[in-house]
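# Breakdown of the fold
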Amino acid sequence: LFARGLRAPDHPRLRARAAWIAGGYALIATGWIYLSDGFIAWLGLEPALIVRWSVFKGVAFVSVTALLLLLVLWSAFRAIETGYAALRARTVRLRANETRLDTILRSASDAVVAIDERHRIVLFNAAAERLFLCPEAEALGAPVSRFLPEDFTLSESPLHRLEGLRADGTRIQIEAACSSMHDGEAVLFTLILRDISARLAQEAESDRLRRLYAALSQINQAIVWSRTRDELFQKVCDALVANGVFRMCWVGWHEEATHRLLPVASAGDSDG
């Protein structure tokens with residue numbers, strides 16, 4: 001059955017088949033003994049011949065049944081050897097696939113974390129160790145909330161942006177993709193995690209520079225078109241607050257008599 005790629009019968013069917021074979025053999029053997037003894041008695045032979053014929057029929061019955069048993073055993077052992085060879089080959093392929101998968105997971109640049117239905121970690125690759133600064137032996141069996149927010153929902157969905165927690169207590173920005181698979185009756189969730197802290201910092205810096213350049217452009221225009229000094233200073237403050245990502249901006253004019261800087265223009269100051 002293994003060699004043919006078929007599904008093996010369940011145990012109750014095998015036991016029923018064995019019972020039918022044993023019962024059939026018992027009926028055939030009983031019928032043979034009863035009918036052969038009756039036939040010999042019907043022949044009316046002498047007692048010595050009856051004994052001799054009884055021995056002959058017994059030897060014949062044993063020979064036939066031994067031959068049939070030999071054929072059955074040959075067939076059974078051939079099927080067992082074929083099935084064992086197929087099972088061994090399948091086991092070798094499975095181990096090779098497991099080794100290949102383990103190599104892929106360990107060499108992956110993204111963190112791969114598998115979680116069971118109880119939200120317990122069952123797989124934690126080398127990239128996940130580097131991401132969360134936690135060894136695999138310590139992470140396996142731990143709840144995923146140790147590294148991810150407790151309100152994170154395990155469901156197949158597009159990329160999530162969330163905050164992760166490393167073993168040393170530092171927090172990192174993570175991009176996560178979640179997928180699920182059925183392992184028999186159980187459901188496993190696989191998370192692909194990537195640290196995007198550096199990328200977010202670069203995006204924030206790029207946005208800051210972009211807004212500063214926009215503010216600089218407006219300041220240049222103010223220098224050209226402003227008619228008075230006070231108008232120029234006010235436009236500079238407004239441009240830096242509106243486009244330069246500053247919460248407040250003010251311009252101070254040096255007073256020679258008191259050597260103080262007196263505010264002559266400001267923007268973004270809501271508290272006086």
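Residues numbered from 1 in each chain as written. Predicted model: local features only at pLDDT ≥ 70, side-chain atom pairs only at ≥ 80, totals over all residues. Heavy atoms only, no water.

Before going further, it helps to examine unusual backbone geometry. With the exception of glycine, the majority of residues adopt a negative phi angle, and the majority of peptide bonds are in the trans configuration. Look at leucine 133: it is not a glycine, yet its phi comes out positive at around 55 degrees. Within the secondary structure, leucine 133 sits in the loop between α3 (126-132) and α4 (136-139). Under the relative-accessibility criterion, leucine 133 is labelled partly exposed at 45%. Even without being a glycine, valine 245 presents a positive backbone phi close to 60 degrees. Within the secondary structure layout, valine 245 lies in the loop between α6 (229-243) and β6 (249-255). Accessibility expressed as a relative area gives 46% for valine 245, which makes it partly exposed. (Helix = DSSP H or I, 4+ residues; strand = E, 2+ residues; numbered from the N terminus. Buried < 20%, exposed > 50% of the residue type's maximum accessible area, 1.4 Å probe, protein only.)

We now examine the nonpolar core. Ranked by internal contacts, the top residues of the largest apolar core, which has 24 residues, are Val113, Phe124, Phe132, Leu148, Ile174, Leu191 and Leu193. Sorting the residues of this core by element identifies β1 (111-115), β2 (121-124), α3, β4 (171-183) and β5 (186-195) as the ones contributing at least two each. Contacts of phenylalanine 124, omitting those with residues within four sequence positions, involve Val112, Val113, Glu129, Phe132, Cys134, Glu136, Ala139, Leu140 and Phe147. Listed in part, the eleven residues of the second largest apolar core include Phe233, Val236, Cys237 and Cys249. (Core = buried A, V, L, I, M, F, W, Y, C linked by side-chain atoms within 4.5 Å. Contact = heavy atoms within 4.5 Å.)

Where the model shows low pLDDT, its predicted coordinates should not be examined in detail. Summarising the model, the protein shows a mean pLDDT of 82, and 87% of its residues fall at 70 or more. The least confident element of the protein, judged by mean pLDDT, is helix α1 (residues 11-43) at 73; the most confident is α6 at 93. (pLDDT = per-residue confidence, 0-100.)

Another aspect to go through is the packing of aromatic side chains. This structure, assessed with the given rule, holds four aromatic pairs. Ring centres of phenylalanine 124 and phenylalanine 147 lie 5.6 Å apart, and the angle between their planes is 35 degrees; on these two criteria the pair is classed as tilted. Placement of the pair is phenylalanine 124 in strand β2 and phenylalanine 147 in the loop between α4 and β3 (157-165), with a sequence separation of 23 residues. The class for phenylalanine 147 is buried, based on a relative accessible area of 2%. An aromatic cluster of three or more residues is present, and its members are Phe124, Phe132 and Phe147. The ring of tryptophan 253 is capped by arginine 229, whose NZ or CZ atom sits 4.2 Å from the centre of that ring. (Phe/Tyr/Trp six-rings, centres within 6.5 Å; stacked < 30°, edge-to-face > 60°. Lys NZ or Arg CZ within 6 Å of the ring centre and 35° of its normal.)

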